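Given next are the chains, with one letter for each unit.
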Amino acid sequence: MRAHDNAKGGGGAPPPPAPEGYRTVLDGPEIDRALTRIAHEVLERTKGGRDVALLGIPSRGVPLARRLAERIERVEDLRVPVGSLDITMYRDDLRLAPARALGRTEIPDGGLDDHVVVLVDDVLFSGRTVRAALDALGDLGRPRAVQLAVLVDRGHRELPIRADYVGKNLPTSLREGVTVCLAESDGRDAVLLGPARDRARPGAEWRPETEGAGS
């Protein structure tokens, strides 16, 4: 991989209950099944996945992309290129939000030209993160097609963007927040629904949502 810019496995212990005010909408096995289904759908839609490259959007889109690649390899005996696509400098809220740490962009060695690039993210909300990802992708290559896979689609789109592959459609209100926890970064797998005002909840036991608030 070529690194263009500036991720821990976890836990066999049973997950604790959701924090007060939150409820679990997807647990670990349900996330596993959703990713397995998405992997099969990618293979079906791309006719075997021979020209597919997966690009995860940091932070939680990256481990999700790697898990999808592992499932595709198990099903099809095909090693799909995986990379990451940081969209920090392409966001349209840079002037409105606190400074963000740059993520990491890694493009597979074969590049992206003439590939079917599947962008992978944890939560689809407004569509603005995906718009930024498309802008960033345009500076890195010319894919034959671009598709979008998300673990959760919570609705409330602000841009005409739709996911091609969805783990779970989760109707929400704007007063609610979606928190995705993954073993690689949080020690366990879960999707939680809770009050949006708790996005800044301190502590690392259940990490607050990031892109789920406005992606």
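Computed from a predicted structure; not experimentally measured.

Asks: I'm lost on the packing of aromatic side chains in this one. Help?
Replies: Both the distance between ring centres and the angle between the ring planes are used here to describe each pair of aromatic rings. Scanning the entire structure with this criterion turns up zero aromatic pairs. For the cation-ring pair, arginine 154 lies above phenylalanine 125, with the distance from its terminal atom to the ring centre recorded as 4.0 Å.

Asks: What is the right way to look at the sheet that holds strand β10 (residues 190-195) in this model?
Replies: Hydrogen bonds between backbone groups are what pair the strands of a sheet, and the pairing can be parallel or antiparallel. In spatial order, the strands read β2-β10-β9; together these three strands make up an open sheet with antiparallel pairing. At either margin of the open sheet sits one strand with a lone partner, and together these are β2 (23-27) and β9 (176-181). Shown here is a sheet whose adjacent strand axes are inclined to one another by a mean of 25°, direction ignored. Note: β2 against β10, four bridges, orientation antiparallel. Bridged to aspartate 27 within β10 is alanine 190. Strands in contact with helix α1 (residues 28-45) are β2 and β10; relative to β2, the strand with the most contacts, it is inclined by about 45°.

Asks: Sorry if this is basic, but what is going on with unusual backbone geometry here?
Replies: In most cases, non-glycine residues show a negative phi, while peptide bonds are predominantly trans. Cis geometry is adopted by the peptide bond preceding serine 59, which originates at proline 58 and carries an omega value of 5°. Summarising the element assignment, serine 59 is placed in the loop between β3 (52-56) and α2 (61-76). Positive phi values are uncommon outside glycine, yet lysine 47 reaches one of about 55°. Tracing the backbone shows lysine 47 in the loop between α1 and β3.

Asks: For this particular structure, what's the right way to read the confidence of the model for the chain?
Replies: Interpretation of the predicted coordinates at a detailed level should be avoided for regions scoring low in pLDDT. For the chain, the average pLDDT comes to 85, and 79% of its residues sit at 70 or higher. Under a pLDDT of 50 for its full length, residues 1-11 has, in the predicted model, 34 contacts with residues more than four places off or in other chains. In the model, residues 198-214 has pLDDT below 50 throughout and makes 48 contacts with residues more than four positions away in sequence or in other chains.

Asks: Got a minute to help me understand the nonpolar core in this structure?
Replies: Soluble globular proteins: nonpolar side chains tend toward being buried together. Within the largest apolar cluster, 33 residues are counted, with the highest numbers of intra-cluster contacts made by Leu54, Leu151, Val152, Val178 and Val191. Elements supplying a minimum of two residues to this core: β2, α1, β3, α2, β6 (116-124), β7 (145-153), β9 and β10. Take this core: its biggest share by element is seven residues, from α1. Sequence-distant contacts of valine 152, defined by excluding residues within four places in its chain, comprise Leu26, Asp122, Val123, Leu124, Lys168, Leu170, Val178 and Val191. In terms of nonpolar packing, the next biggest core, distinct from the first, is built from 20 residues, Ala53, Leu119, Leu148 and Ile161 among them.

Asks: Just to check I follow, could you spell out the packing of α1 against α2 for this structure?
Replies: When two helices pack together, their arrangement is captured by the angle between the axes and the distance separating the axes. Where α1 contacts α2, the axes come no closer than 9 Å and their chain directions differ by 65°. Where α1 crosses over α2, the handedness of that crossing is right-handed. Residue-level contacts link Ile31, Asp32, Leu35, Thr36, Ile38, Ala39, His40, Val42 and Leu43 of α1 to Leu64, Arg67, Leu68, Arg71, Ile72, Val75 and Glu76 of α2. Taken together, the residues of the contact of α1 with α2 break down into ten nonpolar, two polar and four charged.

Asks: How do you make sense of the pattern of salt bridges when you look at a structure like this?
Replies: Where side chains of opposite charge bring their charged atoms close, a pairing between them can arise. Applying the stated criterion across every chain, the model contains 13 salt bridges. Across the pair aspartate 186 and arginine 60 runs a salt bridge whose closest N-O atoms are separated by 3.1 Å. With aspartate 186 in helix α4 (residues 183-186) and arginine 60 in the loop between β3 and α2, this pair connects stretches of sequence that are 126 residues apart. For arginine 60, a relative accessible area of 3% gives the class buried. Two residues, glutamate 106 and arginine 104, come together in a salt bridge whose shortest N-O distance is 2.2 Å. Glutamate 106 sits in the buried class, given a relative accessible area of 15%. By relative accessible area, arginine 104 is classed as partly exposed at 36%. One salt-bridge network, in which partners are shared between bridges, spans Asp51, Asp114 and Arg144.

About the criteria used
- Residues numbered from 1 in each chain as written.
- Predicted model: local features only at pLDDT ≥ 70, side-chain atom pairs only at ≥ 80, totals over all residues.
- Heavy atoms only, no water.
- Phe/Tyr/Trp six-rings, centres within 6.5 Å; stacked < 30°, edge-to-face > 60°.
- Lys NZ or Arg CZ within 6 Å of the ring centre and 35° of its normal.
- Pairing = 2+ DSSP bridges.
- Helix = DSSP H or I, 4+ residues; strand = E, 2+ residues; numbered from the N terminus.
- Axes fitted to C-alpha atoms, helices over the stretch in contact; angles between N-to-C directions.
- Contact = heavy atoms within 4.5 Å.
- pLDDT = per-residue confidence, 0-100.
- Core = buried A, V, L, I, M, F, W, Y, C linked by side-chain atoms within 4.5 Å.
- Buried < 20%, exposed > 50% of the residue type's maximum accessible area, 1.4 Å probe, protein only.
- Left-handed = near helix turned anticlockwise from the far one by under 90°.
- Nonpolar A, V, L, I, M, F, W, Y, C, P; charged D, E, K, R; others polar.
- Salt bridge = Lys/Arg side-chain N within 4 Å of Asp/Glu carboxyl O.

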